[in-house]
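# Report on the structure
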Amino acid sequence: MTFRQTEAARIAAAKASISTATAYRFEQDRKLPSHRDKVRGRRRPDPIAELFESEVVPMLKAAPGLRAVAIFEEMQRRHPDLAQGIRRTMERRIRGWRALHGADQEVIFRQIHEPGRMGLSDFTDMADLRVTIAGVLLDHRLYHFRLPYSGFEHAHVILGGESYVALAEGLQNALWALGGAPREHRSDSLSAAFRNLSHDAAADLTIRYDALCAHYGMEPTRNNRGVAHENGSIESAHGHLKKAVNDGLLMRGVTDFDDLAAYRGFIDEIVSRKNARSAKRIEAERPALQPLPGRRTCDYEETIIIVTSSGGFLLRKVFYTVPSRLIGHRLRVRLYDDRLDLFIGGTPLMTLVRGRAASNGKHGHVVDYRHVIHALRRKPMALLSLVYRDQLFPRDAYRHTFDRLLKTIPEKPACRLMVNLLALAHDRGCEADLAALLTADLAAGRLPDLTALCERFAPDPASLPEVVVYLTPLIAYEALLGNAIGEAA
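First, a word on what this report is: a plain description of the structure on this page. Sequence positions are assigned chain by chain, starting from 1 and proceeding in written order. Reporting of local features is limited, given that this is a predicted model, to residues whose pLDDT is at least 70; pairs of side-chain atoms are given and counted only at 80 or more, and all residues count toward the totals for whole chains, interfaces and linings. Excluded from the side-chain calculations are hydrogens and water; all other atoms, namely the structure's heavy atoms, are used.

Moving on, we get to the nonpolar core. Residues grouped as a nonpolar core are buried Ala, Val, Leu, Ile, Met, Phe, Trp, Tyr and Cys residues, joined through side-chain atoms within 4.5 Å. For every residue, the accessible area obtained with a 1.4 Å probe (protein chains only) is divided by the maximum for its type, and the residue is called buried under 20%, exposed over 50%, and partly exposed between those limits. Counting 30 residues, the largest nonpolar core has Leu383, Leu392, Phe393, Tyr398, Met418, Leu422 and Leu434 as its most contacted members. A run of H or I in DSSP counts as a helix once it spans at least four residues, and a run of E counts as a strand once it spans at least two, with each numbered from the N terminus. Looking at this core element by element, the count peaks at 10 residues for helix 15 (residues 411-428). Here, two residues are considered to be in contact whenever any of their heavy atoms come within 4.5 Å of each other. Once residues within four sequence positions are removed from consideration, Tyr398 is found in contact with Phe393, Met418, Leu422, Ala425, Cys430, Glu431, Leu434, Ala435 and Leu438. By size, the runner-up hydrophobic cluster in this structure holds 23 residues, among which are Phe123, Leu171, Tyr209 and Leu289.

Below you can see the structure in the form of structure tokens.
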């Protein structure tokens, strides 16, 4: 009203930050709305007054979870004359009815976290980040551990699914990086690890998980299945961690890494930066943690296998090759998330990369051509229909070369030439260099010349040292023993 003394109603309303309509309405009646005797009613008839109580409310009572948009679409189907513009009116009316008459909803109770009391574990899928290793898409998850009091985090790249082995390895890595153990460990019931297991196998996993927690003095607890907010202290941290990893990949410019170790180092660096921001709270919580035991407990599954006449063994629907001298032997296998350690008795033999069966149920293959090349030399035609032929070739250049040979020359000489090329790569230790030459031959449309390749990778006679052996005459030994012989006489 102060502005109205000198300005028009429109200008005074603008200066007072009210609408022009409100200004004119106030000039007609200067009483406050709360002081007016008559409350202003609707300006237009209620478009859903007749059908809300008779049709909408019964639907809300019969199906409390029904969405408002579904109810609106059903009303439009029943009453084609309803205008599209009343959707918001319908949604507001339904929301108001539910506030007055709806069912009780679940309440989230905020918790006070004590230092050193609880640690949480969970897995999160990283497929949407499209990380590749040497150009191959990496199907993986992250094991994620977190202390809710201080915010300490640890993440470990998991190549398989959610399993006890993955949990045991990731949890122990986290505890040893932290330097202590909380009094309680909470997980999500290991639902993925228990899926499709028999009752005895599931009971065995439960015993092993309880023993793992007992080794570190932790009480094992699990949230109710399907109730994610009970694990909210780590579920919400999943999103923050994945966003941090995505930001790091964007700043890096590429999502491809040379090897798995490089990608794991990248994840460790991101988690370390997150922990650095909570360093004071982490250091304050460490004295409240339990001391670690003297050693780690097992984070693997152990089984006994027999090497078959095929030069390998089958484990978890994956065939692994080993040196043929082990055929018929019983080996003890320690199954980790990313590798297999082989033992004969108590003697360690070798470590193999762990393979995974295909999603369609077909068997997988982890093959090293060095294990079978000596046998292929005697039976080169076995290469033609070999079950794991594609996995036998150590590089794509060898596989493409064999495909070219089969198209160009008869099968028997093609198999013999390919086996000889693999043998050359094995005997002369020139797998990478030979692959480069084969790639060049493929680009030029030539077939590989085995004779020229053997000469190229043969030892250079000029570079071999000339060793001259001089034989000592036997008379020299008599000269050395002369005095001793004279004294004895």
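Moving on, we come to the packing of aromatic side chains. The criterion for an aromatic pair is that two Phe, Tyr or Trp rings (for Trp, the six-membered ring) have centres within 6.5 Å, with stacked assigned to planes under 30 degrees apart, edge-to-face to planes over 60 apart and tilted to the rest. Applying the stated criterion to the full structure yields 8 aromatic pairs. Arranged with centres 5.1 Å apart and planes meeting at 55°, the rings of Phe257 and Tyr263 form a pair that is tilted. Classification of Phe257 as buried rests on a relative accessible area of 2%. With a centroid separation of 6.4 Å and an interplanar angle of 20°, the aromatic rings of Tyr263 and Phe266 are classed as stacked. Placement of the pair is Tyr263 and Phe266 together in helix 10 (residues 260-277), with a separation of 3 residues, close to one helical turn. According to the relative accessible area criterion, Tyr263 is buried, its value standing at 0%.

Let's shift gears to the sheet that holds strand 12 (residues 330-335). In this analysis, strands are considered paired if DSSP registers two or more bridges between them. Taken in spatial order, the 4 strands make up an open sheet running 9-12-13-14, and their pairing is antiparallel. Taken across any chain shown, the strands that pair with only one partner, and hence form the sheet edges, are strand 9 (301-306) and strand 14 (347-353). Between one strand axis and the next, the sheet turns through 25° on average, direction left out of account. Examined bridge by bridge, strand 12 and strand 13 (residues 339-344) share 4 bridges and lie antiparallel to one another. Looking at strand 13, one finds that Arg334 is bridged to Asp341. Lines are fitted to the C-alpha atoms to define the axes, a helix being fitted only along its stretch in contact, and any angle between axes, read from their N-to-C directions, falls within 0 to 180 degrees.

Another point: the state of the cysteines. Here, a disulfide means two cysteine sulfur atoms that sit within 2.5 Å of each other. Scanning the model with the defined rule gives 0 disulfides in all. The thiol of Cys454 is not disulfide-bonded; the next cysteine sulfur, from Cys430, is found 8.9 Å away.

Take the sheet that holds strand 11 (residues 318-321) next. With mixed pairing, 3 strands are arranged side by side in an open sheet as 10-11-15. Only two strands of the sheet have a single neighbouring strand rather than two, namely strand 10 (312-315) and strand 15 (364-366). Adjacent strand axes in the sheet meet at a mean angle of 20° when their direction is disregarded. Across 3 bridges, the pairing between strand 11 and strand 15 is parallel.

This next bit is on the side chain of Thr401. Note on placement: Thr401 falls in helix 14 (residues 396-408). Setting aside residues up to four positions removed in sequence, Thr401 forms contacts with Met418, Leu421, Leu438, Leu442 and Pro448.

With that settled, consider the packing of helix 15 against helix 16 (residues 431-444). The interhelical angle for the contact between helix 15 and helix 16, taken along N-to-C directions, is 140°, at an axis separation of 8 Å. Judged on the interaxial angle alone, helix 16 and helix 15 are oblique. Between helix 15 and helix 16, the contacting residues are Leu421, Leu424 and Ala425 on the first element and Glu431, Leu434 and Leu438 on the second. Side-chain classes follow a simple rule in which Ala, Val, Leu, Ile, Met, Phe, Trp, Tyr, Cys and Pro form the nonpolar group, Asp, Glu, Lys and Arg form the charged group, and the remainder, Gly included, forms the polar group. Of the residues belonging to the contact of helix 15 with helix 16, the class tally is 5 nonpolar, no polar and 1 charged. Just so you know how the angles are binned, under 35 degrees is roughly parallel, over 145 roughly antiparallel, 65 to 115 roughly perpendicular, and the rest oblique.

Interpretation note: all reported values are geometric properties and have no functional meaning in isolation.
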